[in-house]
Structures are given as structure tokens and as C-alpha cells.
Amino acid sequence: MGLELPLWTLGAAYLAGSFPTAYLVGKANGVDLRTVGSGNLGATNVYRTLGWQWGLLVYLVDGLKGLLPTVLLPGAAGVAGGWPWGVLLGVLAIVGHVKPIFLMGKGGGKGVATASGVFFALAPVAGACALLAFVLTVAATRYVSLGSLIGALVLPVAMMAQARAITPLSLVGAGIAAFVFYTHRDNIRRLMRGNERKIGGDKSVQEGGMP
């Protein structure tokens, strides 16, 4: 298969992912979220600092940053969506979220919300399973980081179960899961030590991670 994807779509996907939702929401409320809470520009830090309404807004917008490039850019470029072009564009959106050019590559989120948008576009059933696993885990434990980790694990398993085979897309899902574990490595250490902060928990406990 030749290089059929115009280069402009690669830049567009990365720029879409780079849109600094949490940073702008924080600034609109007079707060630099990089200096409060966990310092992470993700939905959970927004929720803890500014309230659930702002946190939900950031999560939805960050999800759209992954979903829209994956769905719209292949058609705009005249190529097929899904595998491999939609996947490539989705991955670039995730990279943009984690390393946003608008913040000089610093201060992004951990990729969970944007990745969920990508996989809702590429594998909606598996994406829904991962989201359900996230919600149930957080409801049971009140650890957002643990919910993110469990959801990341469920995603490729659900894709393989649906296809009854290991597919290229499920391998990408497994790679994204590994990436989520990497971005949550500090959270994993705190979970193992028992000092990861829970939703609604004591603010004196060290801040946890977020999407």
C-alpha cells in the first residue's frame, strides 16, 4: 500500500490533539492548572480544582479531539477511514494531547480521554466496554487512575473478543494500553504504596493521575 495520506492531514490531526482544553478552561477561571493539584492538564485535575461541570466539559472536548480527526480527516483527504489511515490520524491526535505544540510540548494530559475518542470512532463496541470498565472501577474504588488502567486493558481484549482473533487494530489498542500504563507510572507507584488520592478524598493525600 502506497503513501496515500496527504501530509496536511497528519499535521491537522496533531494540531487537533494539541488543543489545550484544560489549560484554557483553567485560564478562563483564573487558574493555571499546571501549578495546582497534580499539575496535569486532564479532566480529573479540572474536576478537582474547578468542579465536575468543567471536568466533564474537558473530558468531552478532549474525546472529540481524538474522534473528529479519526472520522473526518480520511474522508476530507479522499482515503479510506479505519485501518490504517484513521488509526494513524488518531494516534497523532493522542500524541498532540500528550505533547501539545501550543504549550511547547509540555503540560499535556495523559491521553486517556483522547484515546477513548479515537477508539469510539474505530471500534465503538470495544470503546463502550472500556468506558464501562472505567466507570465501574471508579465507582467501586474511587480511583480515577485505576479506572483508566483497567479501561485501557479492557479495550484490546474486547476488540479481540469481538473479532475472535488478534487483529491489527487490537494490536494498536494493546500499544495504546501500554502507553497509558507508561503515562500513569507515577500513579501505579502511588496505588501500590496506598497513597493515591481518591475522588472526593482528603486533599492532603498526594494528587493522583487523570486522563
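Residues numbered from 1 in each chain as written. Predicted model: local features only at pLDDT ≥ 70, side-chain atom pairs only at ≥ 80, totals over all residues. Heavy atoms only, no water.

Chemist: Run through the overall build of the protein chain, naming residues and quoting values.
Modeler: Looking only at helices and strands, the protein chain has 10 helices and 0 strands in total. In sequence order, the secondary structure elements of the protein chain are arranged as α-α-α-α-α-α-α-α-α-α. For 211 residues, the compact-globule estimate of 2.2 N^0.38 gives 17 Å, and the protein chain sits close to it at 17 Å. With respect to the three principal axes, the spread of C-alpha positions in the protein chain is 55 × 40 × 25 Å. Evaluated residue by residue, the protein chain yields a buried proportion of 47% over its 211 residues. The long-range fraction of contacts in the protein chain, counting pairs at least 24 apart against all pairs at least 6 apart in sequence, stands at 66%. When the accessible surface of the protein chain is split by element, carbon and sulfur atoms take 69% of a total near 9900 Å². (Helix = DSSP H or I, 4+ residues; strand = E, 2+ residues; numbered from the N terminus. Rg over C-alpha atoms; globule rule 2.2 N^0.38 Å. Buried < 20%, exposed > 50% of the residue type's maximum accessible area, 1.4 Å probe, protein only. Contact = heavy atoms within 4.5 Å. Areas by Shrake-Rupley, 256 points an atom, 1.4 Å probe, with all protein chains shown as cover.)

Chemist: Describe the side chain of Thr-114, with residues and values.
Modeler: Residue placement: Thr-114 occurs in helix α6 (residues 112–122). Of note is the side chain of Thr-114, whose polar atom sits 3.1 Å from the backbone oxygen of Asp-62. Within the structure, the side chain of Thr-114 is placed 3.5 Å from the side chain of His-97, a separation counted as a polar contact. Apart from the residues within four sequence positions on either side, Thr-114 is in contact with Asp-62, Gly-63, Lys-65, Gly-66, Ala-93, Ile-94 and His-97. (Polar contact = N/O pair within 3.5 Å; in protein donor to acceptor, adjacent residues only side chain to side chain.)

Chemist: Tell me what's going on with the packing of aromatic side chains, and back it up with residues and numbers.
Modeler: The tally for this structure, following the rule as stated, stands at 0 aromatic pairs. The lysine or arginine in question, Arg-185, covers the ring of Tyr-182, its NZ or CZ lying 4.0 Å from the ring centre. (Phe/Tyr/Trp six-rings, centres within 6.5 Å; stacked < 30°, edge-to-face > 60°. Lys NZ or Arg CZ within 6 Å of the ring centre and 35° of its normal.)

Chemist: Run through the layout of surface pockets, naming residues and quoting values.
Modeler: Think of a ball as big as a water molecule: rolled over the atoms, this probe shows where empty space is left. In this model, the second largest pocket occupies a volume close to 350 Å³. Secondary structure elements with two or more residues in the lining of the second largest pocket: α3 (43–50), α4 (52–77) and α7 (124–141). Residue classes in the lining of the second largest pocket are distributed as 12 nonpolar, 2 polar and no charged. (1 Å grid on protein atoms, 1.4 Å probe; cavity = no way out; pocket = protein on both sides within 12 Å on 5 of 7 lines; lining within 4 Å. Points joined across faces, edges and corners; volume = space filled by probe spheres on them. Nonpolar A, V, L, I, M, F, W, Y, C, P; charged D, E, K, R; others polar.)

Chemist: Lay out unusual backbone geometry with the relevant residues and their values.
Modeler: The peptide bond linking Trp-83 to Pro-84 adopts the cis configuration, its omega dihedral lying at -5 degrees. Examined against the element boundaries, Pro-84 turns out to sit in the loop between α4 and α5 (85–98). Of note in this structure, Arg-142 is not a glycine but carries a positive phi near 65 degrees. Its place among the elements puts Arg-142 in the loop between α7 and α8 (144–163). Even without a glycine there, the phi angle at Arg-164 is positive, about 55 degrees.

Chemist: Can you tell me about a nonpolar patch on the surface, naming the residues and giving the values?
Modeler: Taken together, the side chains of Tyr-47, Trp-52, Leu-56 and Leu-60 define a hydrophobic patch exposed on the protein surface, amounting to about 420 Å² of accessible area. Top element by residues in the nonpolar patch is α4. It accounts for 3 residues. Tracing the chain through its elements places Tyr-47 in helix α3. Accessibility expressed as a relative area gives 32% for Tyr-47, which makes it partly exposed. (Patch = residues over 30% accessible without salt bridge, like charges linked within 9 Å, V, L, I, M, F, W, Y side chains within 5 Å. Salt bridge = Lys/Arg side-chain N within 4 Å of Asp/Glu carboxyl O.)

Chemist: Could you give an account of the packing of helix α1 (residues 7–18) against α4, with specific residues and numbers?
Modeler: Think of two packed helices as two axes; the pair is described by the angle between the axes and how far apart they sit. The geometry of α1 relative to α4 is characterised by a closest axis approach of 9 Å and an angle of 165 degrees between their N-to-C directions. When the axis of α1 is compared with that of α4, the two are roughly antiparallel. The element α1 and its partner α4 pack so that their crossing is right-handed. Residues Trp-8, Thr-9, Ala-12, Ala-13, Ala-16 and Gly-17 of α1 lie in contact with α4, whose contacting residues are Lys-65, Pro-69, Leu-73, Ala-76 and Ala-77. In the contact of α1 with α4, the residues fall into 8 nonpolar, 2 polar and 1 charged. (Axes fitted to C-alpha atoms, helices over the stretch in contact; angles between N-to-C directions. Parallel < 35°, antiparallel > 145°, perpendicular 65-115°, else oblique. Left-handed = near helix turned anticlockwise from the far one by under 90°.)

Chemist: Residues and numbers for the nonpolar core, please.
Modeler: With 20 residues, the main nonpolar core has Phe-119, Ala-126, Leu-155, Met-159, Leu-169, Ile-176 and Val-180 as its most contacted residues. Elements supplying a minimum of two residues to this core: α5, α6, α7, α8 and α9 (168–183). The contact partners of Leu-169, leaving out residues within four places of it in the chain, are Trp-83, Val-87, Phe-119, Leu-122, Ala-123 and Met-159. One finds Ala-22, Val-25, Val-46 and Val-58 within the second-largest nonpolar core, a separate group that totals 10 residues. (Core = buried A, V, L, I, M, F, W, Y, C linked by side-chain atoms within 4.5 Å.)

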